[in-house]
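# Structural characterization, general
Below are the chains, spelled out letter by letter.
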Amino acid sequence: MSANMVNMLLRSLGETCYMVLVSAALATLFGMPLGVILTVTGKGHILENKVINRSLGAVVNATRSTPFIILMVAIIPLTRLIVGSSIGTTAAIVPLTISATPFIARIIESSLLEVDPGVIEAAESMGASPMQIIWKVLLPESMHSIVLGVTLAMISLIGSSAMAGALGGGGLGDLAIRYGYQRFQADTMVATVIILIVLVQLVQTVGNRISAHLNKTKIK
Amino acid sequence: MIELQHINKVYHSNTGDLQALTDINLSIGEGEIFGIIGLSGAGKSTLVRCINMLETPTSGTVLVDGQDMTKMSPSQLRKARQNIGMIFQHFNLLSSRTVYGNIAFPLEIQGKSGDEIKKKVDSLLELVGLTDRRDHYPSQLSGGQKQRVGIARALASDPKVLLCDEATSALDPQTTESILELLRDINKRLNITIVMITHQMNVVKEICDHVAVIEAGRIIEEGSLYEVFTNPKNPTTKEFVASTRTDIVPDLVKQMSLHKPYKPGDKALVRLHFLGDSAGEPVIAVLIKKYNVDVNILSGNVETLQNIPYGTLLIGMDADEQHMKDAMDYLRSLSLQIEVIGYVS
Ligand SMILES: Nc1ncnc2c1ncn2[C@@H]1O[C@H](COP(=O)(O)OP(=O)(O)OP(=O)(O)O)[C@@H](O)[C@H]1O
Ligand SMILES: [Mg+2]
């Protein structure tokens, strides 16, 4: 493999990491409050509100059921508005974020729902406000599970980012298609696949480690 | 300190309405340890949760320290709840916080400064004897230790009232004993009013001054521990009291076919309750000497209720008809209580 190819692999890896990390961070930023709202407005929860819960749930489900490739094309005008262009690594971050946000919202919702209702009740009995319950009980108590969920979302973003690459976004997926597939460079194809596998493994391992560190229910 | 007036609670659900509490009236004095005992599903948890409004009564008034809890805005209620500590059967500690962090939690909620929190938490750790477990997580503690953390946490905001919902039900007898001791100690030291919910009569007997028995959402009996224990009126109460007896009627006696009423020539099986000052009567000697009764002592027990001695004695009595009648009249004339369990021919 030529030095040039190695350089291109490295650059593509950098682009993939950039897309995945930024969109994962943004999606978590947006998905977190959505997940919290979905949880606390649910039946019997601290801020039960049927209307908000139902409508937000519907929006989240609608976004989640749109395949990424369609979503990406459909929101090109929005992408242009935000980034100024619909092509390129930065432009890919917009659809990636939009597709990952509802996913993360649901993941956070299910993590928060795992918090023992008794603990929430104990906080209420001490006079905690809903905001204090969210910040001091729900989020810290479920952080280990949220981290695993975000890890899962990042891995799925690695997959989506390869697709985004195919539409001119750069990254490892783009490289694999342009060189590995269209120019029949089998070694490039193999190299990108290996890099992707290692990347996924790495993300999963780091996620597991952080989660285990945060999980205080299992320490002995 | 706590006044419950005409409390009703109805749960509405798809399967229909359920009247969990019916016209509950209770008055709990300052510094008292008040027991509420009942079988599973009687409405104990519902009742205690109505005191701090975790459950809103359908109707009725809840006064805590003179304030009507049912008429408060959410923020007033949060403030009022800081005066009412609560401990739970399953402890409900934050698993992501250490012992220290758990006890600090209510203080953080009140926006106390770091210094203040540290001072308070350290003194509470001392009070419950967990100073050496300060940095442990709940998963590293035994049930008894977790409940101690729960107690320290409930006391952090210097509440006037402590609500305990089955606080010892998940613990073994020895640990239960030590937790009850801690609660008694806290009650004495801080003059805090304690409401103990339980289905274990032993717990009530151990520490309560006053007891109310709840059945199917109604208070069926209420009084000082001494009254209720020595003279239970309701069948359910009698059963609870019987459940704590250590002089269980020996199996052998059970196998005899006991009957009532008395037929001439029968032997009698009688339980005598010696209360307070009657404990000094030489009853057995009088029965034997004066009434010519053969007395057979089957079992006996002396304990204290609220620091008053209380003894029970299970005896078999054998005498001819006239002497038996006279002896029974004599026993009934005394200030002790007698319970004729049955006769054997
Ligand atoms: N949230 C609820 N919705 C509907 N019914 C309820 C609810 N909570 C309690 N109940 C019902 O109210 C009745 C009293 O329940 P409660 O929990 O107060 O009993 P308890 O005396 O505490 O029993 P246990 O000893 O088992 O804890 C029960 O019949 C129960 O099924
Ligand atoms: Mg209960």
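Residues numbered from 1 in each chain as written. Chains lettered and ligands numbered in written order. Predicted model: local features only at pLDDT ≥ 70, side-chain atom pairs only at ≥ 80, totals over all residues. Heavy atoms only, no water.

A few words on the overall build of chain B. The helix and strand tally for chain B stands at 12 helices and 14 strands. The principal-axis extents of the C-alpha atoms in chain B amount to approximately 80 × 50 × 35 Å. Every one of the 345 residues in chain B was classed for burial, and the buried ones make up 53%. If you take every contact in chain B between residues at least 6 apart in sequence, the share linking residues at least 24 apart comes to 69%. Looking at chain B as shown, the accessible area adds up to about 15500 Å², and 48% of this sits on carbon and sulfur atoms. Each charge class in chain B can be summarised by its mean position, and for the 35 positive and 42 negative side chains these summaries are 4 Å apart. (Helix = DSSP H or I, 4+ residues; strand = E, 2+ residues; numbered from the N terminus. Buried < 20%, exposed > 50% of the residue type's maximum accessible area, 1.4 Å probe, protein only. Contact = heavy atoms within 4.5 Å. Areas by Shrake-Rupley, 256 points an atom, 1.4 Å probe, with all protein chains shown as cover. Lys, Arg positive; Asp, Glu negative; His and termini not counted. Charge placed at Lys NZ, Arg CZ, Asp CG, Glu CD.)

Mean pLDDT over chain A: 90, with 98% of residues reaching 70 or higher. No element of chain A has a lower mean pLDDT than helix 8 (residues 172-181) of chain A, which averages 78, and none a higher one than helix 6 (residues 117-125) of chain A, which averages 96. (pLDDT = per-residue confidence, 0-100.)

Further remarks concern helix 6 of chain A. Residue and element names in this part refer to chain A. Three or more residues of helix 6 are buried, namely Gly118, Val119, Ile120, Ala122, Ala123 and Ser125. Near the N-terminus of helix 6, the side chain that reaches the backbone nitrogen of Gly118, with its oxygen 2.8 Å away, is that of Asp116. Just downstream of helix 6, Gly127 is the residue with a positive phi angle, here 90°. (Polar contact = N/O pair within 3.5 Å; in protein donor to acceptor, adjacent residues only side chain to side chain.)

Here the focus is the nonpolar core. The tendency in soluble globular proteins is for nonpolar side chains to be buried side by side. Core analysis: the biggest nonpolar cluster contains 74 residues, and Val137 of chain A together with Leu4 and Met69 of chain B have the highest contact counts within it. Those residues in contact with Val137 of chain A that sit more than four places away from it in its chain are Val115, Val119, Ile120, Ala123 and Gln132 of chain A together with Leu94 and Phe105 of chain B. Within the second largest apolar cluster, 51 residues are counted, among which are Val121, Ile151, Leu183 and Tyr310 of chain B. (Core = buried A, V, L, I, M, F, W, Y, C linked by side-chain atoms within 4.5 Å.)

Residues and elements named next belong to chain B. Direction of pairing for strand 12 (residues 294-305) relative to strand 13 (residues 308-318): antiparallel, over a ladder of 11 bridges. The residue of strand 13 that forms the bridge with Gly300 is Leu313. Between strand 12 and the antiparallel strand that follows it, strand 13, lie two residues; Gln306 among them carries a positive phi value of about 45°. (Pairing = 2+ DSSP bridges.)

With that settled, consider the site of ligand 1. Residue and element names in this part refer to chain B. Taken together, Tyr11, Leu18, Ala20, Leu39, Ser40, Gly41, Ala42, Gly43, Lys44, Ser45, Thr46 and Glu166 make up the full set of residues near ligand 1. In this structure, an oxygen atom belonging to ligand 1 sits 2.7 Å away from a side-chain N or O atom of Lys44. Within the complex, 59% of the 630 Å² of free accessible area of ligand 1 lies under protein. Counting only elements with at least two residues in the shell around ligand 1, the list comes to strand 2 (16-28) and helix 1 (44-51). Element by element, the count of residues in the shell around ligand 1 is highest for helix 1, at three residues. Residue composition of the shell around ligand 1, by class: five nonpolar, five polar and two charged. (Near = heavy atom within 4 Å. Nonpolar A, V, L, I, M, F, W, Y, C, P; charged D, E, K, R; others polar.)

Residue and element names in this part refer to chain B. Per the stated rule, a full pass over the model turns up zero disulfides over all chains. The closest cysteine sulfur to the non-disulfide-bonded Cys50 is located on Cys164, 17 Å from its own sulfur. Residue Cys50 is classed as buried on the basis of its relative accessible area of 1%. (Disulfide = S-S within 2.5 Å.)

On the surface, a nonpolar cluster with roughly 380 Å² of combined accessible area is contributed by Leu78, Leu81, Ile82 and Val83 of chain A. Mapped onto the fold, Ile82 of chain A is located in helix 4 (residues 76-83). (Patch = residues over 30% accessible without salt bridge, like charges linked within 9 Å, V, L, I, M, F, W, Y side chains within 5 Å. Salt bridge = Lys/Arg side-chain N within 4 Å of Asp/Glu carboxyl O.)

We now examine the interface of chain B and chain A. Each partner contributes residues to the interface: chain B has 23 residues there, and chain A has 23 residues. Together, Arg78, Ile109 and Ser139 of chain B form the three largest contributors to the area buried by chain B at its contact with chain A, with a combined 24%. On the surface where chain B and chain A come into contact, there are two salt bridges. A salt bridge links Arg49 of chain B to Glu121 of chain A; the nearest nitrogen and oxygen atoms lie 2.5 Å apart. Per-element tally for the side of chain B that touches chain A: the top contributor is helix 3 (residues 99-109) of chain B, with four residues. Residues of the side of chain B that touches chain A, tallied by class, amount to 10 nonpolar, seven polar and six charged. (Buried area = accessible area lost by both parts, 1.4 Å probe.)

Further remarks concern the sheet that holds strand 1 (residues 2-13) of chain B. Residues and elements named next belong to chain B. Spatially, 2-1-4-5 is the arrangement adopted by the four strands of the open sheet, whose pairing is antiparallel. One side of each edge strand has no neighbouring strand; the edge strands of this open sheet are strand 2 and strand 5 (67-68). The sheet contact formed by strand 1 and strand 4 (residues 59-64) spans five bridges and is antiparallel. Each residue of the ladder has a partner; that of Glu3, found in strand 4, is Leu63. Sheet strands in contact with helix 1 are strand 1, strand 2 and strand 4, and its direction is about 60° off that of strand 2. (Axes fitted to C-alpha atoms, helices over the stretch in contact; angles between N-to-C directions.)

What follows is about the sheet that holds strand 14 (residues 337-344) of chain B. All names here are of chain B. Reading across from one edge, 12-13-11-14 is the order of the four strands in this open sheet, with antiparallel pairing throughout. At either end of the open sheet lies a strand with only one pairing partner, and these are strand 12 and strand 14. Across the sheet, the axes of successive neighbouring strands diverge by a mean angle of 15°, strand direction being ignored. Pairing geometry for strand 11 (residues 267-275) and strand 14, over seven bridges, is antiparallel. Residue pairing in the sheet places Arg271 in a bridge with Glu339 of strand 14. Where helix 11 (residues 283-291) meets the sheet, it contacts strand 11, strand 12 and strand 13, and its direction lies at approximately 25° from that of strand 13. Set on the sheet, helix 12 (residues 321-333) makes contact with strand 11, strand 13 and strand 14; between it and strand 14 the angle comes to about 155°.

All names here are of chain A. Between helix 1 (residues 3-40) and helix 5 (residues 89-113), the least distance of the axes is 5 Å, while the angle of their chain directions is 40°. Taken as axis vectors, helix 1 and helix 5 run oblique relative to one another. Considering only the axes of helix 1 and helix 5, their crossing is right-handed. A per-class count over the contact of helix 1 with helix 5 returns 20 nonpolar, nine polar and three charged. (Parallel < 35°, antiparallel > 145°, perpendicular 65-115°, else oblique. Left-handed = near helix turned anticlockwise from the far one by under 90°.)

Our next topic: the pairing of strand 13 of chain B. Residue and element names in this part refer to chain B. Extensive coverage of strand 13 is indicated by the burial of eight of its 11 residues. Here strand 11 pairs with strand 13 via nine bridges, running antiparallel. Looking at strand 13, one finds that Phe274 is bridged to Gly311.

Another point: the packing of helix 5 (residues 143-155) of chain B against helix 6 (residues 173-190) of chain B. All names here are of chain B. One way to put it is that helix 5 packs onto helix 6 with a least axis distance of 10 Å and a crossing angle of 20°. In terms of orientation, helix 5 lies roughly parallel with respect to helix 6. By crossing handedness, the relation of helix 5 to helix 6 is classed as right-handed. Along its contact with helix 5, which presents Gly144, Gln147, Arg148, Ile151 and Leu155, the element helix 6 presents Thr175, Ser178, Ile179, Leu182, Leu183, Ile186 and Leu190. Classifying every residue of the contact of helix 5 with helix 6 by side-chain character gives seven nonpolar, four polar and one charged.

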